[in-house]
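What follows is the residue order along each chain.
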Amino acid sequence: MPQITVTEHLLLHQKESPMASGRFTRLLNDLILAAKIISREVRKAGLVDVLGFTGEINVQGEEVQKLDEYANKVLIHRMERAGVLCAIASEENADLVAIPDQFPKGDYFLIFDPLDGSSNIDANVNVGTIFSIYRVPDGCSGDNLCDLLMAGAKQVAAGYFLYGTSTMMVYTTGRGVHGFTLDPSVGEFLLSHPDIRTPETGKIYSVNEAYWSYWDEPTREIVTAFKGTDNPRGKPYGGRYIGSLVADFHRNLLYGGIFLYPADRRDPTKPTGKLRLLCEANPLAFVITQAGGAATDGERDILSIVPDDLHQRVPLFIGSKNDVAKVMEIYGRNRPA
Ligand code: P6P
């Protein structure tokens, strides 16, 4: 395969796209630089004092890992001075991150989860950075959150970096999904997975079955269906669950399957499940949709949901089109008329 960098691919294959503008290319290149810095730190995590916890609790009520904090700082430091953003939102920050006055502002809004899956980092499990990008309405200052809370269908780009056996970048600007692998010897992400398409019917289901007793009956019926024969495949799906969303999502994207994080009754403060709409569900829903798959909260298309809060949580069922349709069929059949 020819050695095509992300920038070349953007300019070559999307030249007619407004996303091939200099400003967007600058945004993507700065995001890539931040990911390379994070990847370097993740790869040597066991050797320097960046493992373990900081002792703080984040806005999600989760213990903050040192690498979480490091990744968040790297991304904010790099992106706030890129000159193309009007605002930044991070899963680690309760409020919007304002662009300091000394830096020029732009008309993009960037949202990220700096290091998803980081509770696994000490066990050397794959983790990732998830990002979502919007153009903001003309004249929007970026200070007013209500201007920024748009449905996921308004995203202009989204994707993730996966710090795994290799460091990968997978993203879309609405013209297909493309995967790049970091060649550390040259420090470039090179095209390795052009035009990714996810199988219409999968063979893997990914869910944390420890929550069975906290699920409602329709959810139990859904999980039972994928373990049995009442499913698009007509036979049991294989169970795979890493507990790191980007890693589970990426495997199912390539092999075909469905990732499920249903609402559960464990925590009354989180009645709609654990995963976040803006920094997890929306970007992955854009990617999967562009790859021929689907994403729902059980009732609505994820990309149609207009958020009412920066850290809104949603149930998430995402993956192969026919598998997601099965979820919708069962919930639809059980929804009160
Ligand atoms: P559970 C990691 O903390 C994360 O946000 C996702 O990466 C992962 O899919 C999920 O939580 C795992 O949650 O409740 O199964 O441990």
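Before going into details, it helps to say that this report is about the structure given with it. Model, not experiment: these values are computed from the prediction.

1. Some points on the overall build of the protein
Line of reasoning, step 1. When helices and strands are tallied, the protein shows 8 helices and 14 strands.
Line of reasoning, step 2. In summary, the protein has a C-alpha radius of gyration of 19 Å against a globular reference of 20 Å for 337 residues, a match within 12%.
Line of reasoning, step 3. Dimensions of the protein, computed from C-alpha atoms along their principal axes, come out at roughly 55 × 45 × 45 Å.
Line of reasoning, step 4. The long-range fraction of contacts in the protein, counting pairs at least 24 apart against all pairs at least 6 apart in sequence, stands at 64%.
Line of reasoning, step 5. Distance between charge centroids for the protein: 5 Å, based on 34 positive and 42 negative side chains.

2. Brief notes about the sheet that holds strand S13 (residues 294–296)
Pairing between sheet strands relies on hydrogen bonds along the backbone, with the strands arranged either parallel or antiparallel.
Line of reasoning, step 1. Read from one edge of the open sheet, 5 strands run S11-S10-S12-S14-S13, paired in mixed fashion. In the strand order of this sheet, the two ends are held by strand S11 (238–239) and S13, each with one partner.
Line of reasoning, step 2. Across the sheet, helix H6 (residues 245–255) touches strand S10 (204–206), strand S12 (258–261) and strand S14 (316–319), and the angle it forms with S10 is around 165°.

3. Overview of the pattern of salt bridges
Line of reasoning, step 1. The tally for this structure, following the rule as stated, stands at 17 salt bridges.
Line of reasoning, step 2. A salt bridge links Arg276 to Glu280, with the shortest nitrogen-to-oxygen separation between them at 3.0 Å.
Line of reasoning, step 3. Relative accessible area serves as the criterion here: at 0%, Glu280 is assigned to the buried category.
Line of reasoning, step 4. Salt bridges here are not isolated pairs; linked through shared partners, they connect Glu221, Asp230, Lys326, Glu329 and Arg333.

4. Some words on the side chain of Thr129
Line of reasoning, step 1. Assignment of secondary structure puts Thr129 in strand S5 (residues 127–135).
Line of reasoning, step 2. A polar atom in the side chain of Thr129 sits 2.7 Å from the backbone oxygen of Pro114.
Line of reasoning, step 3. A distance of 2.7 Å separates the side chain of Thr129 from the side chain of Tyr163, its partner in a polar contact.
Line of reasoning, step 4. Leaving out residues up to four positions away in the same chain, Thr129 has contacts with Ile38, Leu75, Asp113, Pro114, Leu115, Gly159, Tyr160, Phe161 and Tyr163.

5. Examining helix H8 (residues 321–334)
Line of reasoning, step 1. Its 14 residues give H8 an end-to-end C-alpha distance of 20 Å, which sits within 8% of 20 Å, the value for a rise of 1.5 Å per residue.
Line of reasoning, step 2. The set of residues buried in H8 consists of Asp323, Val324, Lys326, Val327, Ile330 and Tyr331. Mapping the buried residues of H8 onto a view down its axis gives an arc of 150°, with all of them on the same face.
Line of reasoning, step 3. Elements that come into contact with the buried residues of H8 comprise helix H5 (217–227), S12, S13 and S14.

6. Things to note about the sheet that holds strand S3 (residues 85–90)
Line of reasoning, step 1. Spatially, S3-S4-S5-S6-S7-S8-S9 is the arrangement adopted by the 7 strands of the open sheet, whose pairing is mixed. Lying at the two open borders of the sheet, with one neighbouring strand each, are S3 and strand S9 (188–193). Each strand axis lies, on average, 20° off the axis of its neighbour in the sheet, ignoring direction.
Line of reasoning, step 2. Across 7 bridges, the pairing between strand S4 (residues 108–116) and S5 is antiparallel. In the sheet register, Leu110 faces S5, and the bridge partner there is Ile133.
Line of reasoning, step 3. Along the sheet, helix H3 (residues 66–80) makes contact with S3, S4 and S5, crossing S4 at roughly 160°.

Rules of the game
- Residues numbered from 1 in each chain as written.
- Predicted model: local features only at pLDDT ≥ 70, side-chain atom pairs only at ≥ 80, totals over all residues.
- Heavy atoms only, no water.
- Helix = DSSP H or I, 4+ residues; strand = E, 2+ residues; numbered from the N terminus.
- Rg over C-alpha atoms; globule rule 2.2 N^0.38 Å.
- Contact = heavy atoms within 4.5 Å.
- Lys, Arg positive; Asp, Glu negative; His and termini not counted.
- Charge placed at Lys NZ, Arg CZ, Asp CG, Glu CD.
- Pairing = 2+ DSSP bridges.
- Axes fitted to C-alpha atoms, helices over the stretch in contact; angles between N-to-C directions.
- Salt bridge = Lys/Arg side-chain N within 4 Å of Asp/Glu carboxyl O.
- Buried < 20%, exposed > 50% of the residue type's maximum accessible area, 1.4 Å probe, protein only.
- Polar contact = N/O pair within 3.5 Å; in protein donor to acceptor, adjacent residues only side chain to side chain.
- Expected span 1.5 Å × (residues − 1).
- Arc of directions from axis to C-beta.

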